[in-house]
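Residue-level structure breakdown
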Amino acid sequence: MTSPFIHENWLLTSKSAQILYHDYAKEMPIYDFHSHLNPGEIADNKQFRNISDLALSGDHYKWRALRWLGVEERLITGDASDKDKFMIWARSVPEMLGNPLFHWTHLELVRYFGINELLNAETAESIWERCNEQLQGERLRTNGILKQFNVQVVCTTDDPTDSLEHHSAIAKDGSIQTTVAPTFRPDRLLDIRHGQFNEYVSLLGEVSGTQVTDYIQFINAIAARVDYFHTHGCRLSDHGFGELLFTSTDENEVAGIFNRVLLGEEVSEEEGIKFQSFTLIQLGRLYHGYGWSMQLHIGAIRNNNSRMFAIAGKDSGYDSILDFNMARQLNALLSELDGNGQLPKTIVYTLNPSQYEMITTTIGNFQGVGIKGKVQLGSGWWFHDQKDGMLQQLQALSSIGLISTFVGMLTDSRSFLSFTRHEYFRRILCNLFGTWIEEGDLPRDYAYVGRTIENICYNNADAYFGIK
């Protein structure tokens with residue numbers, strides 16, 4: 001009989017790796033500090049109608065793979081039935097050898113459904129039926145999933161104008177043991193050249209109870225929303241940039257740019273960069289004042305296929321890695337905040353792994369007294385939250401910085417199936433440390449090394465973010 005693909009020592013290639021994983025990593029709680037989960041689905045304790053609803057809806061990783069195989073869009077994001085979408089996915093999985101989707105798919109089947117069979121055309125019907133049967137119970141509703149995977153904290157991604165009503169409902173629901181915290185995502189506040197900016201400023205003023213007719217009032221409205229988010233448990237922000245562009249300017253110049261836009265005038269790209277730079281500094285100082293952490297996700301070029309953007313919309317899998325240089329800009333941004341002692345705890349993620357070493361040397365310039373790893377190199381992100389990408393990030397951090405202070409993995413996902421990515425990361429982490437032990441780079445003292453494993457898996461994040 002063929003042994004199952006996913007087994008207890010999967011990806012653990014040495015005895016040392018196995019000890020580190022099973023004795024130190026495996027049972028640590030999950031602290032998922034960056035996700036795109038829908039808080040309304042947690043508040044409602046959503047029951048998924050079938051495995052397609054849980055596994056394929058909103059998952060642009062899987063959509064990209066299906067398009068690579070020439071599958072028609074009707075069977076991906078279109079009007080085909082849920083079953084037809086699952087069947088085409090099942091038939092496609094055998095062609096994903098070497099891609100992390102092959103790993104993730106089978107790990108998800110094992111951990112969520114107890115199914116340790118390879119997904120393919122022959123097993124699809126049986127797996128469809130068995131998964132759907134299990135989805136009728138409480139265990140695989142959203143809150144059952146959070147409990148099953150021992151998710152202590154999960155942070156959603158939320159617009160500054162959001163009411164946070166679902167977070168309020170979750171906090172009042174005594175049956176939900178997981179802390180579900182919002183994250184302040186103000187990208188639309190920084191994009192002054194966007195055609196809908198004035199409408200968004202009006203909405204910001206409305207929800208903050210502040211009339212916004214000049215730049216000072218704009219910052220006051222933002223401050224009101226930061227305070228509102230803080231009272232609802234928020235302790236971190238998140239920013240998405242294609243290219244990180246930063247330049248020096250002053251409040252008078254930025255106030256003039258803002259006023260011109262409110263009057264309906266267009267401003268140049270250079271002026272847009274000045275507005276973004278100065279406003280980002282104001283935000284960073286606000287975050288510091290509240291003890292928040294600031295996340296910078298850098299390097300995605302989005303919605304590149306204009307034809308498919310018109311059909312499928314944003315976040316549908318037509319994004320890629322942007323190549324650019326940012327060492328001067330990143331150092332300048334962090335230095336500006338640090339100069340007045342107002343640099344918040346900061347995590348810098350890059351979609352381009354060639355920048356790992358540069359970022360690690362940069363963050364070493366701005367660490368702070370009393371905080372281990374105040375400025376962090378974020379985990380392998382998006383195209384790199386797979387084995388090779390994780391190893392690149394971990395090795396850069398360990399060789400140039402201090403991996404012992406790393407706050408660890410996150411899902412960055414819209415899917416409730418993605419909590420297995422923490423297990424995936426932990427196995428890769430333990431295999432790396434196990435290899436170091438076997439090669440004599442670390443002592444064969446498992447308790448000594450295991451403390452660092454436990455810290456990276458959970459304890460560091462718990463101490464860093466302070467979300468309770």
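Residues numbered from 1 in each chain as written. Predicted model: local features only at pLDDT ≥ 70, side-chain atom pairs only at ≥ 80, totals over all residues. Heavy atoms only, no water.

Right, let's get into the overall build of the protein. The secondary structure content of the protein amounts to 20 helices and 9 strands. Computed over C-alpha atoms, the radius of gyration of the protein comes to 23 Å, within 12% of the 23 Å expected from 2.2 N^0.38 for 468 residues, which places it in the range of a compact globule. Seen through its principal axes, the protein has C-alpha atoms that stretch 75 × 55 × 45 Å. Of all 468 residues assigned to the protein, the portion counted as buried reaches 56%. A fraction of 78% describes how many contacts in the protein between residues 6 or more apart in sequence connect residues 24 or more apart. (Helix = DSSP H or I, 4+ residues; strand = E, 2+ residues; numbered from the N terminus. Rg over C-alpha atoms; globule rule 2.2 N^0.38 Å. Buried < 20%, exposed > 50% of the residue type's maximum accessible area, 1.4 Å probe, protein only. Contact = heavy atoms within 4.5 Å.)

Most of strand E8 (residues 345-350) is tucked away: 6 of the 6 residues are buried. Alternating residues of E8 divide into Lys345, Ile347 and Tyr349 and Thr346, Val348 and Thr350, and every residue in both groups is buried. Note that strand E5 (residues 293-298) and E8 share 6 bridges and pair parallel. In the sheet register, methionine 294 faces E8, and the bridge partner there is threonine 346. For the crossover from E8 across helix H17 (residues 356-363) to strand E9 (residues 375-377), the handedness is right-handed. (Pairing = 2+ DSSP bridges. Right-handed = clockwise from strand over helix to strand, strands pointing away.)

Take the sheet that holds strand E4 (residues 236-241) next. In space, the 4 strands of this open sheet follow the order E4-E5-E8-E9, with parallel pairing throughout. Of all the strands in the sheet, just E4 and E9 have a single pairing partner and so form its edges. Taken over all neighbouring pairs, the strand axes of this sheet differ in orientation by 15° on average, direction set aside. Of the strand pairs in this sheet, E4 and E5 are connected by 6 bridges, and their pairing is parallel. Its bridge partner lying in E5, aspartate 238 is registered against glutamine 295. (Axes fitted to C-alpha atoms, helices over the stretch in contact; angles between N-to-C directions.)

Along the chain, the position of leucine 135 falls in the loop between helix H7 (124-134) and helix H8 (142-148). Its relative accessible area of 0% is what places leucine 135 among the buried residues. Linking leucine 135 and isoleucine 321, residues 186 residues apart in sequence, is a C-alpha distance of 36 Å. Those residues in contact with leucine 135 that lie beyond four places of it in its chain are Gln47, Phe48, Asn50, Ile51, Leu54, Phe113 and Leu140.

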